[in-house]
Amino acid sequence: MKTEVSNPGIEKRKSKLPFKSGALQQILAFSSLIVLILFFSITSRNFMEFSNIMNILLSTSVIGILALGTTLVIITGGIDLSIGTAMTLCSVMTGVFITFLGLPIPIGILLGILSGGLSGFLVGSAVAKMKIPPFIATLAMMMIAAGLALVISGTRPIYFSDTPAFTQVALGSIIPGIEIPNAVLIFFLMATIGYIILNKTVIGRYTFSIGSNEESTRLSGVNVNRWKIIIYSIAGLFTGVAGVVMAARLNSAQPALGMGYELEAIAAVVIGGTSLSGGKGTMVGTVIGALIMSVLTNGLRILSVPQEWQDVVIGIVVIFAVYADILRRRNT
Amino acid sequence: MKKLFVTLFGLFFVTAVLVACGEDEAGSSNGDSEGGGDSDKPYIAVVSKGFQHQFWQAVNRGAEQAAEEFDVEITFEGPESESQVDKQIEMLRSALDKDPDAIGFAALDSKAATPLLEEAESEEIPVIAFDSGVDSDIPLTTASTNNKAAAAAAADHMAELIGGEGKVALVVHDQTSVTGVDRRDGFLEQMESEYPDIEIVDVQYGGGDHLKSTDLAKTMMQAHPDLDGIFGSNEGSAIGVVNAVKEMGAEGDITIVGFDSGKAQIDAIKDGTMAGAITQNPVGIGYETVKAAVQAINGKELPEVVDTGYYWYDQENIDDEEIQEVIYE
């Protein structure tokens, strides 16, 4: 705390960020989401049904949780390409703990999430201590995790057939009466946790501070390396949660999946207004970004738009989101 | 802190490498053992796209059956994963060095194998392609599943199950691979020519990704509430459809026809969520490859393609020996 007070420059910048300049992009993203929802509601009578809204939220959950974790990393000015396959590795580890080792479900889930934390810790250490650029360090971890997921599972899916309760983690509903799948609740819970970490804790303050100006953060006496490792580890824990949710939803750990999920998550973060150059971003924006992606995919599918065009449209949305970000920065 | 981290990283890698090596030995131990044709029997070297996976084990069984029947000696080997192009080329290299009487080959990368195949041709060693085949003129024939015919059979079963009329959608694994295109077109063409009362309402692609296929099948059901059936064109797609129907609580309302096998698909057929599925005949692929190689050695003419057949399996015949032989968990 002392260090921050002694450096009013940083203090001033970051306190401003989540509210002022972030707000415009958030409003932009939020209004795009509303426009999309309105458009699809008018063009398709099946879009605005409760069951379809649940479909959209459920299909957002895995990518959304990944995106929340990686928002932290991106705000530090880093990038994490390992989250897709690391998520798969966490699914596989959960399978190993629950199905192979027969551990109780809660312990298996906890250890599965912690595997994500470990993977994040390793990546963070490589970035902070070995000074490997995040792009390379996480690219390496992406390959390592993809390989290990196959090695550990013996290239075969691990099923949770002996523990039927496990699938309830994603598909059950703890709120009686309302059929909101737990995966959706977990997504919102993680979003809340992410919001608190980013906006109410010292971790969040250093996340912004490192992303705005790493050097001056270091000069003001902050142990940047340690905080980076902590931030990557937290992102890893989010990855672990995504892995568990995915395994529970598929009732199996599929070792060959995951490649490419990181890019969808990063796209969601960017659409939500987090700047890839670091220092700016919000959790709410990421939630909206992830929702925009899945509303688009869902809506286009309902309209039976061919897959090829769905990808084209999402690509265009990403371009506009980043362009809006650039315009915003030019103005400030 | 630094020490702890170095130790952790070290441990992580050592474990990974150890585990990987263990797997490696298990994978390739079978391969080179037999040496080459010392005995009088003709020797056929079979280089496949894989070895450990149950599919390839079944191909291996079929090859051995034929070897016994036609009294030839074979070796069967393949890399651990379908991305190890270099390893497969090495295997083909050493197979050629053993001076076999014929070679059976399923290319991971046809172009990478071209020089070796040309060498085989110049040494007058007949090459028989199998499974996805080899993109080249050199192989005398290709023993593989006719995916179009197999998907047409899936369409026939779907039509029968939904009573010859209604709305059907497809979840296909991809729009560019040969299997994806053939299975899609085989299904669509059969529906169009034989079942005019069945409407195909949507075709979408999930990359064979279980999660994406689940989401898109759910969206299809949302867009077409009166959907009667969905065809999933491979294991991932079919399981996606099963998940979707379960998540929507529509078991029984939607007829699911799948393709390939795997534990989840077998379970879904047993519990009735999935009506049935088409499986390739891996045993037949291995058998026909060796049989064609023997015919080539004896100088017989071969057709361009040998159809290795397929099976339809459902709740009724899933426990038959014939089916158990070709499906795997």
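Predicted model, so just to flag it, every value in this text is computed and none were measured.

1. Regarding the overall build of chain B
A count of helices and strands for chain B gives 11 helices and 12 strands. The buried share among the 329 residues of chain B stands at 56%. Entry remark: accessible area of chain B is about 14000 Å², with carbon and sulfur atoms responsible for 46%.

2. Comments concerning the environment of Gly232 of chain B
Residue and element names in this part refer to chain B. Mapped onto the fold, Gly232 is located in strand β8 (residues 229-232). In the structure, Gly232 is positioned 47 residues away from Asp185 in sequence and 13 Å away in space, judged by C-alpha atoms. Ignoring any residue separated from it by four or fewer positions in sequence, one finds Gly232 in contact with Val171, Ser237, Ala238, Val241, Val257, Gly258 and Phe259.

3. Comments concerning a nonpolar patch on the surface
Residue and element names in this part refer to chain A. On the surface, a nonpolar cluster with roughly 680 Å² of combined accessible area is contributed by Trp309, Val312, Ile316, Phe320, Tyr323, Ile326 and Leu327. With respect to the element layout, Ile316 can be found in helix α15 (residues 307-331). A residue is classified by how much of its surface remains accessible, and Ile316, at 42% relative accessible area, is partly exposed.

4. Some remarks on the nonpolar core
Residues Ile65, Leu68, Phe166 and Met246 of chain A are the most contacted members of the largest nonpolar core, which totals 90 residues. Per-element accounting of this core gives the leading share, 16 residues, to helix α12 (residues 224-250) of chain A. When sequence neighbours within four positions are dropped, the list of residues in contact with Phe166 of chain A reads Thr94, Ile98, Ile105, Ile109, Phe160, Val244, Ala247 and Ala248 of chain A. By size, the runner-up hydrophobic cluster in this structure holds 29 residues, among which are Leu216, Met221, Ile230 and Ile256 of chain B.

5. A word on the sheet that holds strand β1 (residues 43-47) of chain B
Residues and elements named next belong to chain B. Taken in spatial order, the six strands make up an open sheet running β2-β1-β3-β4-β5-β11, and their pairing is parallel. The two strands at the open ends of the sheet, each matched to only one other strand, are β2 (73-77) and β11 (305-307). Taken over all neighbouring pairs, the strand axes of this sheet differ in orientation by 20° on average, direction set aside. Looking at chain direction, strand β3 (residues 102-105) and strand β4 (residues 127-130) are connected through three bridges and run parallel. Within β4, the residue paired with Phe105 across the bridge is Ala129. Running over the sheet, helix α2 (residues 54-70) touches β2 and β4 and is turned about 175° from β2. Packing of helix α10 (residues 282-297) onto the sheet brings it into contact with β1, β2, β3, β4, β5 (141-144) and β11, and relative to β4 it is tilted by some 165°.

6. A short note on the sheet that holds strand β6 (residues 166-172) of chain B
Residue and element names in this part refer to chain B. One open sheet accounts for six strands, arranged β7-β6-β8-β9-β10-β12; its pairing is mixed. Either end of the sheet is taken by a strand with one partner, and the two such strands are β7 (198-205) and β12 (310-314). Averaged over all neighbouring strand pairs, the angle between strand axes comes to 20°, with direction disregarded. Of the pairings in the sheet, the one linking strand β9 (residues 255-259) to strand β10 (residues 276-280) comprises three bridges and is parallel in character. Bridge pairing in β10 places Gly258 opposite Ala277. Sheet strands in contact with helix α8 (residues 235-247) are β6, β8 and β9, and its direction is about 160° off that of β9.

7. Points about the pairing of β8 of chain B
When a strand is regular, its side chains alternate between the sheet's two faces. All names here are of chain B. Burial of β8 is two-sided: the residues Gly229 and Phe231 facing one way and the residues Ile230 and Gly232 facing the other way are all buried. For β6 and β8, the ladder comprises four bridges, and the chain directions are parallel. Each bridged residue has a counterpart across the sheet, and for Ala169 the counterpart in β8 is Ile230. Taken together, the three bridges between β8 and β9 define a ladder with parallel strand orientation. Within β9, the residue paired with Ile230 across the bridge is Ile256. Crossover β8 to β9 through α8 is right-handed.

8. Here we look at the interface of chain A and chain B
Contact with chain A, which involves 39 residues of that partner, is made by 36 residues of chain B. Counting the surface lost from both chain A and chain B, the interface buries some 3500 Å², and carbon and sulfur atoms represent 61% of this. The salt bridge partner of Arg249 of chain A is Glu247 of chain B, with a shortest N-O separation of 2.9 Å. Seen at the junction of chain A and chain B, the total is 15 residue pairs in polar contact (both at pLDDT 80 or more). For the side of chain A that touches chain B, the secondary-structure elements that each account for two or more residues are α4 (50-75), α6 (105-128), α7 (134-153), α12, α13 (261-271), α14 (283-302) and α15 of chain A.

9. Observations concerning the domain arrangement of chain B
Structurally, chain B comprises domain 1 (32-145 + 282-305) and domain 2 (147-279). Taking the mean C-alpha position of each, domain 1 of chain B and domain 2 of chain B sit 33 Å from one another.

10. Side note on the packing of aromatic side chains
Overall, the coordinates contain nine aromatic pairs over all chains when judged by the stated rule. Taken together, a centroid distance of 5.4 Å and an interplanar angle of 35° make the contact between Phe40 of chain A and Phe47 of chain A tilted. In this structure Phe47 of chain A comes out as buried when scored by relative accessible area, which is 2%. Residues Phe160 of chain A and Phe166 of chain A carry aromatic rings whose centres are separated by 4.2 Å and whose planes lie at 35° to one another, so their mutual orientation is tilted. The pair Phe160 of chain A / Phe166 of chain A is uniform in exposure class, with both members buried. Put simply, the rings of Phe39, Phe40 and Phe47 of chain A touch in pairs and so form one group of aromatic residues. Over the face of the ring belonging to Phe259 of chain B we find Arg183 of chain B, whose NZ or CZ atom lies 3.8 Å from the ring centre.

11. Concerning the pattern of salt bridges
Tallying each qualifying case throughout the model produces 18 salt bridges over all chains. In this structure, Arg93 of chain B and Asp97 of chain B form a salt bridge, with 3.3 Å as the shortest nitrogen-oxygen distance. Of the two residues, Arg93 of chain B and Asp97 of chain B both sit in helix α3 (residues 85-97), four residues apart, roughly one turn of that helix. By relative accessible area, Asp97 of chain B is classed as exposed at 55%. Each of Glu214, Glu215, Arg218 and Lys228 of chain A takes part in one network of salt bridges that share partners.

Quick notes on the rules
- Residues numbered from 1 in each chain as written.
- Chains lettered and ligands numbered in written order.
- Predicted model: local features only at pLDDT ≥ 70, side-chain atom pairs only at ≥ 80, totals over all residues.
- Heavy atoms only, no water.
- Helix = DSSP H or I, 4+ residues; strand = E, 2+ residues; numbered from the N terminus.
- Buried < 20%, exposed > 50% of the residue type's maximum accessible area, 1.4 Å probe, protein only.
- Areas by Shrake-Rupley, 256 points an atom, 1.4 Å probe, with all protein chains shown as cover.
- Contact = heavy atoms within 4.5 Å.
- Patch = residues over 30% accessible without salt bridge, like charges linked within 9 Å, V, L, I, M, F, W, Y side chains within 5 Å.
- Salt bridge = Lys/Arg side-chain N within 4 Å of Asp/Glu carboxyl O.
- Core = buried A, V, L, I, M, F, W, Y, C linked by side-chain atoms within 4.5 Å.
- Pairing = 2+ DSSP bridges.
- Axes fitted to C-alpha atoms, helices over the stretch in contact; angles between N-to-C directions.
- Right-handed = clockwise from strand over helix to strand, strands pointing away.
- Buried area = accessible area lost by both parts, 1.4 Å probe.
- Polar contact = N/O pair within 3.5 Å; in protein donor to acceptor, adjacent residues only side chain to side chain.
- Domains from an automatic or database assignment.
- Phe/Tyr/Trp six-rings, centres within 6.5 Å; stacked < 30°, edge-to-face > 60°.
- Lys NZ or Arg CZ within 6 Å of the ring centre and 35° of its normal.

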